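# Close look at the chain arrangement
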Amino acid sequence: IREIDLRQTECRVTFKKPLRAAASYTFLGADHDHNRHTVAVTKKTLSKLPARIESSLSFGDLEAIVSRLIWCSAVTLSPLSRFYPVIKWSARQVNKLNNNKAAAEDLLELPASILPLLSQWLASSSQKRQVSVFTRAEQKHLSVFSDASLKGWGAMLLDNNNNQIFLAGNSWKSDFS
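Residues numbered from 1 in each chain as written. Predicted model: local features only at pLDDT ≥ 70, side-chain atom pairs only at ≥ 80, totals over all residues. Heavy atoms only, no water.

### Digging into the nonpolar core
One finds Leu62, Ile65, Leu69, Val86, Leu110, Leu118 and Trp121 to be the most contacted residues of the largest nonpolar core, which totals 30 residues. With seven residues, helix 3 (residues 59–76) is the single largest residue contributor to this core. Leaving out residues up to four positions away in the same chain, Leu62 has contacts with Leu57, Trp89, Ser90, Gln93, Leu108 and Leu118. (Core = buried A, V, L, I, M, F, W, Y, C linked by side-chain atoms within 4.5 Å. Buried < 20%, exposed > 50% of the residue type's maximum accessible area, 1.4 Å probe, protein only. Helix = DSSP H or I, 4+ residues; strand = E, 2+ residues; numbered from the N terminus. Contact = heavy atoms within 4.5 Å.)

### So, the sheet that holds strand 9 (residues 164–171)
What the three strands build is an open sheet, ordered 7-8-9; its pairing is antiparallel. Two strands bound the open sheet, and with one partner strand each, they are strand 7 (142–148) and strand 9. Strand-to-strand twist of the sheet, defined as the mean angle between neighbouring strand axes without regard to direction, takes the value 10°. With eight bridges connecting them, strand 8 (residues 152–159) and strand 9 associate as antiparallel partners. Opposite Leu158, over in strand 9, you have Ile165 as the bridge partner. (Pairing = 2+ DSSP bridges. Axes fitted to C-alpha atoms, helices over the stretch in contact; angles between N-to-C directions.)

Shape is all these values report; function is a separate question.
Dropping the structure here:
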């Protein structure tokens, strides 16, 4: 803290309050508690998610919910591979939105296979997680999902250590139909 105070003076920066070390704090939408070794999504962020998942949602709401849940998974260290079917199905729906085949306010029915998984993902986002710096650094966990059809191919790589999603795909050069 002394080093920060020294640099603050050199840079002519003023803080509202004097700095002090804290064992628990909120930073970038996450509540950190170093004494209990936990991290949780803030109540403010959770308030932007619905209390429960309805069987029909607008395209815009689906995009917002899944985007926030991906972010919450990074905070709670929940592997995205658990929710791959939701991510894949949602990406297809958002693609319709991005290609002007649907409007943000248009409603869509959630398939019976997606609704419980999306509800489970929503429930997991509000849980506090025990964190250990060494456990995450020592274990590498990647999940690869691939898919192909007569029209094209695709693959999704989920880096579960830092919750990154990598996508690749294209249409076939030849027509197989």
